[in-house]
Amino acid sequence: MFRFGEPLYLYLLLILPLLVVFYLYSNYRRRKKLTQYGDPKLMAHLMPEVSKYRPDVKFGLVTTALAMIIFMLARPQFGSKMETVKRQGVETVVALDISNSMLAQDVTPSRLEKSKKLVSRLVETFNNDKVAMIVFAGEAFTQLPITSDYISAKMFLETISPSLISTQGTDLRGAIDLAMKSFTPNEGVGRAIVLITDGENHEGGAVEAAKAAADKGIRVFVLGVGSPDGSPIPIEGTNDFRRDKDGNVVVTKLNEQMCQEVAKAGNGMYVRVDNTNNAERALNAEINKLAKSDVETQIYTEFDEQFDVLAWLAIILLVADILLLNKKNAFFKNVKLFKQD
């Protein structure tokens, strides 16, 4: 594993493009002044010992050496030893409904975007816990296997959209069944399934699946997103809404009764997601109550410093800059004249 021990020093790299711009501007001003004294070709003929390209090469050497020094200050390191450590934590599988009805905007900015932000903030509260992500509509599949890599979890979360699944519907049972298979085999770990959905057009069997999860010690929490009064489903990229075969605007409504039944069967809790953060706080409080057990995690425990390689590169570049003169080397010029004689 590669990392920087002092990554803040990498901001110094922003100086390099400024130096390049300043150097190019200085060259432009210098060439412009030279044209005031005479024709550039004649000037070059009168000053044969002046090299046209060596100043650029020297600037490139110095700039590259400076970049190496900045990387040195940031302390590049490679992980050299992987160990399995045990930490206290719980395991949570988030199952997110991405059917088209989740595009409704009765929750700001939309049901789906509100849900993604909620999950993102939930992951930020995790410490030594593990998380997995499942997306579902008419079918369910794993978006992210269970992991303690929270950065990857948030990255995968950003890519979630209804286009990931072409089969429409709300297969809650399939999502719960897949979630139950996503946990690690560790014993004594607190486990939770967080089901985020509007519950519309579900295909049955969700209550039975939630009860099966509860029988295995897995609590099922249901977050109902949307309004029971309903909202039209916008068509992305347009100002129109989805319509049925008769041309009527389709209105999607939160099925709270079904969500409550699933949460009750799963020995969990139902929370309605609105434009406040109440759902987030309630869910965090319940997950924190789960039994925390030893969770095995593989981490790098030793890191080797790699600055010495960069130091040698910087020294070589600076020495090359010192040895390389702005003017053409007289020795090679004399050798050329000797061969002509």
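In this text, all values refer to a predicted model and were calculated from it rather than measured experimentally.

1. Some details on the overall build of the protein
Broken down by element type, the protein carries 11 helices and 11 strands. Long-range pairs, those at least 24 residues apart, make up 81% of the contacts in the protein between residues at least 6 apart in sequence.

2. Regarding the pairing of strand S4 (residues 130-136)
Across the 7 residues that make up S4, a large majority, 7, are buried. Alternating residues of S4 divide into Lys130, Ala132, Ile134 and Phe136 and Val131, Met133 and Val135, and every residue in both groups is buried. Inspection of the sheet shows strand S3 (residues 91-97) paired to S4 by 7 bridges, in the parallel sense. Paired with Thr92 across the strands is Val131, a residue of S4. Note that the unit made of S3, helix H4 (residues 111-125) and S4 has a crossover that is right-handed. Pairing of S4 with strand S5 (residues 140-147) involves 5 bridges; the strand directions are antiparallel. Along S5, the bridge assignment pairs Phe136 with Ala140.

3. Thoughts on the confidence of the model for the protein
Per-residue pLDDT for the protein averages 84, and the proportion of residues at 70 or more is 83%. Mean pLDDT values for the elements of the protein range from 48 in helix H11 (residues 330-340) up to 96 in helix H7 (residues 206-215). Taken as a whole, residues 335-341 scores under 50 in pLDDT and shows 0 contacts with residues more than four places along the chain or in a different chain.

4. Comments concerning helix H3 (residues 54-73)
With 20 residues, H3 extends 29 Å from end C-alpha to end C-alpha; this agrees with the ideal 28 Å at 1.5 Å per step. Looking one or two places after H3, you find Arg75, whose phi comes out positive at around 55 degrees.

5. Points about the sheet that holds S4
Spatially, 6 strands are ordered S5-S4-S3-S6-S7-S10 in an open sheet, and the strand pairing comes out mixed. Pairing within the sheet leaves two strands with one partner each, and these edge strands are S5 and strand S10 (270-273). Neighbour-to-neighbour, the strand axes of this sheet turn through a mean angle of 15 degrees, independent of strand direction. The strands touched by H4 are S3, S4, strand S6 (191-197), strand S7 (218-225) and S10; relative to S3, the strand with the most contacts, the crossing angle is about 170 degrees. Across the face of the sheet, helix H6 (residues 172-180) comes into contact with S3, S4, S5, S6 and S7 while running at roughly 155 degrees to S6.

6. Here we look at the packing of aromatic side chains
Taken as a whole, this structure holds 2 aromatic pairs when the rule is applied. Each ring, one from Tyr23 and one from Phe59, has its centre 4.0 Å from the other, and the planes form 5 degrees; the classification is stacked. Here the residue Tyr23 occupies a position in helix H1 (residues 15-34), and Phe59 occupies one in helix H3, the gap between them amounting to 36 residues. An angle of 55 degrees between the planes, with centres 6.2 Å apart, marks the rings of Phe126 and Tyr150 as tilted. Highlighted residues: Phe126 in the loop between H4 and S4 and Tyr150 in helix H5 (residues 150-158), separated in sequence by 24 residues. Both residues of the pair, Phe126 and Tyr150, belong to the buried class.

7. Quick word on unusual backbone geometry
Here Thr108 and Pro109 are connected by a cis peptide whose omega angle stands at -5 degrees. Phi at Arg75 is positive, roughly 55 degrees, even though this residue is not glycine. For Arg75, the location among the structural elements is in the loop between H3 and strand S2 (76-89). One non-glycine residue, Asn267, adopts positive backbone phi at about 55 degrees. Within the fold, Asn267 resides in the loop between helix H8 (256-265) and S10.

8. A look at the environment of Asp244
Relative to the helices and strands, Asp244 resides in the loop between strand S8 (231-232) and strand S9 (251-252). Side-chain polar atoms of Asp244 contact the backbone nitrogen of Asp246, separated by 3.0 Å.

9. Considerations on the packing of H6 against H7
The N-to-C vectors of H6 and H7 enclose an angle of 15 degrees; their axes lie 8 Å apart at closest approach. In terms of axis orientation, H6 runs roughly parallel to H7. As for how H6 packs across H7, the hand of that crossing is left-handed. In this structure, H6 contributes Leu172, Arg173, Ile176, Asp177 and Met180 to the contact, and H7 contributes Ala206, Ala209, Ala210, Ala212 and Ala213.

10. What about the nonpolar core?
Judged by nonpolar contacts, the single largest core of 35 residues is most densely connected at Ile196, Leu223 and Leu283. Secondary structure elements with two or more residues in this core: S3, H4, S4, H5, S6, S7, S10 and helix H9 (278-288). For this core, the element with the most residues is H4, which contributes 5 residues. Non-local contacts of Leu223, meaning those with residues more than four positions away in its chain, are made with Leu118, Val194, Leu195, Ile196, Thr197, Val271, Val273 and Leu283. Within the second largest apolar cluster, 26 residues are counted, among which are Ala95, Phe183, Ala213 and Tyr270.

11. Focus on the pattern of salt bridges
For the structure shown, the criterion picks out 13 salt bridges. Among the salt bridges present, the one from Lys116 reaches Glu113, with a minimum N-O distance of 3.4 Å. Placement of both Lys116 and Glu113 in helix H4 is noted, with a separation of 3 residues, approximately one turn of the helix. Among the residues examined, Lys116 registers a relative accessible area of 8% and is labelled buried. Take Glu113: its relative accessible area is 32%, and that puts it in the partly exposed class. Across the pair Glu124 and Lys154 runs a salt bridge, and its minimum N-O distance is 2.6 Å. One end of the pair, Glu124, is in helix H4; the other, Lys154, is in helix H5, with 30 residues separating them in the sequence.

Rules used throughout
- Residues numbered from 1 in each chain as written.
- Predicted model: local features only at pLDDT ≥ 70, side-chain atom pairs only at ≥ 80, totals over all residues.
- Heavy atoms only, no water.
- Helix = DSSP H or I, 4+ residues; strand = E, 2+ residues; numbered from the N terminus.
- Contact = heavy atoms within 4.5 Å.
- Buried < 20%, exposed > 50% of the residue type's maximum accessible area, 1.4 Å probe, protein only.
- Pairing = 2+ DSSP bridges.
- Right-handed = clockwise from strand over helix to strand, strands pointing away.
- pLDDT = per-residue confidence, 0-100.
- Expected span 1.5 Å × (residues − 1).
- Axes fitted to C-alpha atoms, helices over the stretch in contact; angles between N-to-C directions.
- Phe/Tyr/Trp six-rings, centres within 6.5 Å; stacked < 30°, edge-to-face > 60°.
- Polar contact = N/O pair within 3.5 Å; in protein donor to acceptor, adjacent residues only side chain to side chain.
- Parallel < 35°, antiparallel > 145°, perpendicular 65-115°, else oblique.
- Left-handed = near helix turned anticlockwise from the far one by under 90°.
- Core = buried A, V, L, I, M, F, W, Y, C linked by side-chain atoms within 4.5 Å.
- Salt bridge = Lys/Arg side-chain N within 4 Å of Asp/Glu carboxyl O.

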